[in-house]
Every structure is written in C-alpha cells, then in structure tokens.
Amino acid sequence: MRHLPLFPFSEADPIRHAGPPPKTSEVVIVGGGIIGVTTALFLAQRNIPVTLLEKGRVAAEQSSRNWGWIRKQGRDADELPIVIEASRLWRQLAEECGEDIGLKQTGVTYLASSDKKMAGFEEFMKIAAIHELDTRLLDADETAKLIKGMSRRFKGAMTTPSDMRAEPWLAVPALARLAARKGARIVENCAVRTLEISAGRIKGVWTEAGYIETSSVLVAGGAWSSLLLARHGVSVPQLSVRVTVAATEPLPEIYSGAAADDHIAFRRRQDGGYTLAPGGSNLLYVGPDAFRHATKYLPALMANPFGTRYFPFAPSGYPDSWSTPRDWAPDSRSPFERMRVLNPAAERSGLRSVEHNFKHLFPQFETVRLKAGWGGMIDAMPDVVPVVDHVEAVGGLFVATGMSGHGFGIGPGIGRVVSDMMQGNETGHDLSRFRLSRFHDGSAVRLGPAL
Ligand SMILES: Cc1cc2nc3c(=O)[nH]c(=O)nc-3n(C[C@H](O)[C@H](O)[C@H](O)COP(=O)(O)OP(=O)(O)OC[C@H]3O[C@@H](n4cnc5c(N)ncnc54)[C@H](O)[C@@H]3O)c2cc1C
C-alpha cells in the first residue's frame, strides 16, 4: 500500500470564518458540524441573531469524515419522518447554496448473505410501507443485476432507489457559507469553555475569546458534547467509537449508489472513486465515561450493533481519555482548545482489509489503489438514536447530539427541528424518542435498528 496522505481538514488549514465573536447574541451554537451549521442556517433564515462557535474548523470532525450516505433505508421508525423531511431539505439547500455538493439520488443497497439478514430486511419493510418508501427487497438474480460483477452471490438485498449521496467535505462547508450569507455569525478557532448559568437559566458562554451574553445555547458538539455538559452537571451518556474510512482512486462504475455487506461498505464518489469502510474496525477507547455509563450500554453491547472492539486507553486529549480534565475554569485553557480537530489515525489493518475485500468482491478491477485513509470518532448513544431536547434543569439550554453514526443524512432535518424548538415553535415531529430524560427516568433502553 502506498503512503496515504492525511485527511484534508486539519487545524493547519486557513481560518475561513474569523473572529472576534460578538459580545451578545440571541442564540449561541456550540459546534460547527452538520447539526450546528444547519441549525444556524434555519435560525438566520428567520432573522434570529445567531453565533456559531467552532473550536477548530467547520466540519473538520465527523461531518466531513463520514461516508456521505443520505438514507431513509434501515432507519429507526421515529427518525424516519425527520429523515424524509431532511431528504427534501437536502435538495432545496443544494439549490440554494449554489455550489456543487455532489448531491445525487443514486440509491442505497444492503446486501444479505444469510436468511437471517433477509428476515431483518423484511422487518424494515413494514416500517417502509407505513411511510410509503420506495424500498424493495431483491432476490439473488436482481441483486447481481443491480451491482455489476460481484464475485459473490448474495441471498438478496434491500434497496431504496430514492436514497441519496453527497460529498460531506464539500457539503457542510458550503452550507456554512450559505448560513453566513444569510446572517449567521460563524467563528472558527473559538472554543466554548464553559456555560454561564444563573438561577437555573443560561446567561452566556465563556469562550477562549471572551464572554458572549446570550439567553439560548445549543450544544451540538458531536463527540465533545457530554464533556461540556457534564462540567455543568448535565449527564448525557454518550461515548465515541473510532472507525476507519478509505478513498480509492477513480475506477469504472459498478454501482452509482452506496452499498454494504457484513465485510465492507462502499459508495461511488463524485470524482469517480469509491469511499470504502471495513466491517469490524470499530474501536471503543474505554475511559471514565465508558465505566460510568456501562450499564446503559449493556443492551447495545449484547446486540453489538457497531461490531465494536475495546482498548483500555484513549490517546491523550480525547474526550474520554483518562487524563482529560473534567473540570476547568472559564479563564483557563479547556480540553476543547487543546484538541482543535479530533483526527484519529486510520487503522492500517482496516485499510489493508478493505482494499483486499473490495478487489476480491469486484475482480474486474485490475488494481484498487487507495488515495487516502482517515479515522473518525462516531458519537454514539446507548440506544443508537440521538438526543434532541432542551435541558429541563437549565432554561435556554438545548442539546442535539449523539447522532450515532447517521447524523449526516438526517442533519438538515434535525437543524430545522432544533431551530424551531429554540424559538418555542411546534417542531412538526414527535420528539419523545429523543428526549434526554429517557436515560434517567427508568425507561428501558429501546435499541434503534442496527441495519
Ligand atoms: C467515518 C464515519 C462515517 C459516517 N457515515 C455516515 C453516513 O454515511 N451517513 C450519515 O448520515 N452519517 C454518517 N456518519 C455520522 C455523521 O457524520 C455524524 O452523525 C454527524 O456528522 C454528526 O454531526 P454533528 O454536527 O453532531 O457533530 P460533528 O460533525 O462531530 O461536529 C461537532 C463539532 O463541534 C465542535 N466542538 C465540540 N466542542 C466544542 C466546543 N466546546 N466549542 C466549540 N466547538 C466545539 C467540534 O470541533 C466539531 O467540529 C458517519 C460518521 C463517521 C465518523
């Protein structure tokens, strides 16, 4: 394997949204991933003064490192209405931002090598029927026809032709530029250190560039959300899992959409290459939070939806590393500015296996050359669905985090919902599944689908 370049977004990149931040803002958003960016966009469209603060660079963490799948297929039943809205919003925003973000309706397909897997797909078909999705089951011949030249014969597949793909590292920065054009104030390289809370209400945020007075804060910090919230006594049982991704050089088209079996996931990219991910490369670094929240994760561990392995230490500076401080003062350097961009290394064995498995599945490719490989930390919740809620004990504090590996596709839907929630409007969706209190009120953990 050739030397692989580092993932393109890093803290060495130029700052595209410069400070200083304002002294006051009606709304402050912590985190410049897809969730923070789209929330800021929808608030700005309603002329609400909003400031988005990003400790590193917009989309430098999960929101650019992801596979770029925008799928309704395999979703939790309670997420589906929001994802259906998100699909419509993706099309609208792609038009509005006036840049090519690689949005294409090319379908998503899951391949089944066993009857058990097909039975799981049949379960989802009941949900698909309720929402009138175009999801279909394919038999072995239809599967072989859809994705050309596979060396393996699968039992069948589940496919949703209306599902989409986009290029994450183009899309999220483009949406941030659109939000800024609509009036959102975006400031990169500006960590939020602490929240200022008085008499049970948000009064402001302390940043590394000073204090901002505000009455409304959204924490959309991805893998860092629980660290910031725990500093203020708000417990969110969120953990993060390292995953590995690779990008090939351009290759002939075998399928224009995205597909996965148990060993490999692949998606055709705009540049003619494929984005690949190996099965079984997920790694949970066990830190204090992993111990603290272990019982809540038992159902997920038993179902093992991420196929996760464990390592007893996170690298220094990671959100749940043993040495990461859990308390810090507003006027001292926080863990957030110590790690501007969480950039985990790709697992070399994962890169080797994905290159091998892709070539093996498609023997018509004479060579498969990886041009890049990177890691990402997926922020997961015990039931594999997000938290989208206000914090009852702190007036004006909202949380949208724990997207559990599928926040890119649903992102604009969550952004629209949260923007309305923060304005006190009806959101148009039943959000009870995503309430924060489900982890503290004795509710049983109800696992989302591991499809
Ligand atoms: C490898 C991989 C593949 C994936 N594939 C898909 C896919 O195909 N489809 C899909 O739908 N989803 C996918 N996902 C999941 C998706 O990428 C995430 O769910 C989504 O990007 C999360 O967005 P976010 O805005 O919540 O968090 P992030 O994108 O992680 O953004 C959070 C931001 O907050 C900033 N921040 C944190 N704390 C602070 C602070 N105190 N002050 C200032 N800034 C702060 C961080 O620097 C970060 O930029 C994948 C994820 C990974 C890692």
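Note on numbering: residues in each chain are counted from 1, in written sequence order. Reporting of local features is limited, given that this is a predicted model, to residues whose pLDDT is at least 70; pairs of side-chain atoms are given and counted only at 80 or more, and all residues count toward the totals for whole chains, interfaces and linings. Each side-chain value is derived from all of the structure's non-hydrogen atoms; neither hydrogens nor water enter the calculation.

- The name that an unreviewed UniProt entry assigns to the protein chain is PTS sugar transporter subunit IID, with the source organism given as Rhizobium loti.
- UniProt positions are given in the numbering used here, feature names are shortened, and annotations may be inferred rather than shown by experiment. As recorded by UniProt, the Sequence similarities (unreviewed entry) comment attached to the protein chain reads in full: "Belongs to the DadA oxidoreductase family."

Describing the overall build of the protein chain
Line of reasoning, step 1. Broken down by element type, the protein chain carries 12 helices and 22 strands.
Line of reasoning, step 2. Its C-alpha atoms give the protein chain a radius of gyration of 21 Å, within 12% of the compact-globule value 22 Å for 451 residues.
Line of reasoning, step 3. In terms of its C-alpha atoms, the protein chain occupies a principal-axis envelope of roughly 65 × 50 × 45 Å.
Line of reasoning, step 4. Any residue under 20% of the maximum accessible area for its type is buried, any over 50% is exposed, and the rest in between are partly exposed; the area is computed with a 1.4 Å probe on protein chains only. A burial count over the protein chain gives 59% of its 451 residues as buried. By the criteria applied, helices consist of DSSP H or I runs no shorter than four residues and strands consist of E runs no shorter than two, each listed in order from the N terminus. The atom set for the radius of gyration is the C-alpha atoms, and the globule formula is 2.2 Å times the number of residues raised to the power 0.38.

Some thoughts on the sheet that holds strand 21 (residues 387–390)
Line of reasoning, step 1. Any two strands with at least two DSSP-identified bridges between them are counted as paired. Read from one edge to the other, the open sheet built from six strands follows the order 9-2-1-13-22-21, with strand pairing classed as mixed. Strands at the two margins of the open sheet, each flanked by one partner only, are strand 9 (185–187) and strand 21. For this sheet, the mean inter-axis angle between neighbouring strands, taken without regard to orientation, is 15°.
Line of reasoning, step 2. In this structure, strand 21 lies alongside strand 22 (residues 397–401), joined through four bridges in antiparallel fashion. Along strand 22, the bridge assignment pairs Asp 389 with Val 399. Fitted lines through C-alpha atoms give the axes, limited to the stretch in contact for helices. The angle between two N-to-C directions lies from 0 to 180 degrees.

Some words on the sheet that holds strand 11 (residues 201–207)
Paired through backbone hydrogen bonds, the strands of a sheet run either parallel or antiparallel to each other.
Line of reasoning, step 1. Taken in spatial order, the three strands line up as 10-11-12 in an open sheet, and their pairing is antiparallel. Where the open sheet ends on each side, the last strands, each with one partner, are strand 10 (192–198) and strand 12 (210–213). Across this sheet, the average inter-strand angle for adjacent strands is 25°, counted without regard to direction.
Line of reasoning, step 2. Note that strand 11 and strand 12 share four bridges and pair antiparallel. Paired with Trp 206 across the two strands is Tyr 211, which belongs to strand 12.

Structural notes on the pattern of salt bridges
Line of reasoning, step 1. Any Lys or Arg side-chain nitrogen located within 4 Å of an Asp or Glu carboxyl oxygen qualifies as a salt bridge. Following the criterion strictly, the structure yields 31 salt bridges and no others.
Line of reasoning, step 2. Its salt-bridge partner being Asp 78, residue Arg 446 comes within 3.4 Å of it at the nearest N-O pair. One end of the pair, Arg 446, is in the segment after helix 12 (407–422); the other, Asp 78, is in the loop between strand 3 (69–70) and helix 3 (80–97), with 368 residues separating them in the sequence.
Line of reasoning, step 3. The exposure class assigned to Arg 446 is partly exposed, which follows from its relative accessible area of 48%.
Line of reasoning, step 4. What makes Asp 78 partly exposed here is its relative accessible area of 26%.
Line of reasoning, step 5. Among the charged side chains, a salt-bridge network with shared partners connects Asp 76, Asp 78, Asp 383, Arg 433, Arg 438 and Arg 446.

Overview of the nonpolar core
The nonpolar side chains of soluble globular proteins are, as a tendency, buried together.
Line of reasoning, step 1. Among buried residues, the Ala, Val, Leu, Ile, Met, Phe, Trp, Tyr and Cys ones that are joined through side-chain atoms within 4.5 Å form a nonpolar core. Residues Ile 29, Val 50, Trp 90, Leu 218, Val 388 and Ile 414 are the most contacted members of the largest nonpolar core, which totals 54 residues.
Line of reasoning, step 2. Within the residue set of this core, elements represented by two or more residues are strand 1 (27–30), helix 1 (34–45), strand 2 (50–53), helix 3, helix 6 (168–181), strand 22 and helix 12.
Line of reasoning, step 3. Should any heavy atoms of two residues lie within 4.5 Å, those residues are considered in contact. Excluding residues that lie within four positions of it along the chain, Ile 29 makes contacts with Gly 36, Thr 39, Ala 40, Leu 43, Val 50, Thr 51, Leu 52, Leu 53 and Leu 218.
Line of reasoning, step 4. Core analysis: the next-biggest nonpolar cluster, separate from the first, contains 37 residues, Val 187, Val 205, Trp 328 and Leu 436 among them.

Quick notes on the packing of helix 3 against helix 6
Line of reasoning, step 1. It is at 10 Å that the axes of helix 3 and helix 6 come closest, and there the two elements cross at 65°. By the angle between their axes, helix 3 is roughly perpendicular relative to helix 6. Considering only the axes of helix 3 and helix 6, their crossing is left-handed. Contact residues: Trp 90, Leu 93, Glu 96 and Cys 97 in helix 3; Ala 171, Ala 174, Leu 175, Leu 178 and Arg 181 in helix 6.
Line of reasoning, step 2. Amino acids outside the nonpolar list (Ala, Val, Leu, Ile, Met, Phe, Trp, Tyr, Cys, Pro) and the charged list (Asp, Glu, Lys, Arg) are all regarded as polar, and Gly is one of them. Residue composition of the contact of helix 3 with helix 6, by class: seven nonpolar, no polar and two charged. Should an angle lie under 35 degrees it is considered roughly parallel, over 145 roughly antiparallel, and from 65 to 115 roughly perpendicular; all remaining angles are considered oblique. In a left-handed crossing the near helix is turned counterclockwise from the far helix by less than a right angle, and in a right-handed crossing that turn is clockwise.

Thoughts on the site of the ligand
Line of reasoning, step 1. One heavy atom within 4 Å of a molecule or strand is enough for the residue carrying it to be called near that molecule or strand. The environment of the ligand is formed by 35 residues, the closest being Glu 54, Ser 63, Trp 69, Gly 407 and Gly 409.
Line of reasoning, step 2. For the ligand, an oxygen atom lies 3.4 Å from a polar atom in the backbone of Gly 68.
Line of reasoning, step 3. Within the contact set of the ligand, an oxygen atom lies 3.2 Å away from a backbone nitrogen or oxygen of His 406.
Line of reasoning, step 4. With residues, only the protein chains shown are counted as cover, and all accessible areas are computed by Shrake-Rupley using a 1.4 Å probe. For the ligand, whose free accessible area comes to 1,000 Å², the fraction covered by protein is 98%. Each polar contact in these results corresponds to two N or O atoms within 3.5 Å; when the atoms are within protein, one needs to be able to donate a hydrogen and the other to accept it, and residues that are neighboring in sequence are counted only if both atoms are side-chain atoms.

Considerations on helix 11 (residues 348–361)
Line of reasoning, step 1. When the terminal C-alpha atoms of helix 11 are compared, their 20 Å separation across 14 residues agrees well with the 20 Å that a helix rising 1.5 Å per residue should span.
Line of reasoning, step 2. Restricting attention to buried positions, one finds in helix 11 the residues Gly 350, Leu 351, Val 354, Glu 355, Phe 358 and Leu 361. Looking down the long axis of helix 11, one finds its buried residues gathered within 140° of arc, a one-sided arrangement. Exposed residues on helix 11 whose side chains face more than 90 degrees from its buried face are His 356 and His 360.
Line of reasoning, step 3. The secondary structure elements touched by the buried residues of helix 11 are strand 14 (239–248), strand 16 (264–268), strand 17 (274–278) and strand 20 (370–380). The length a helix should cover is 1.5 Å for every residue beyond the first. It is the directions from the helix axis to the C-beta atoms whose arc is reported.

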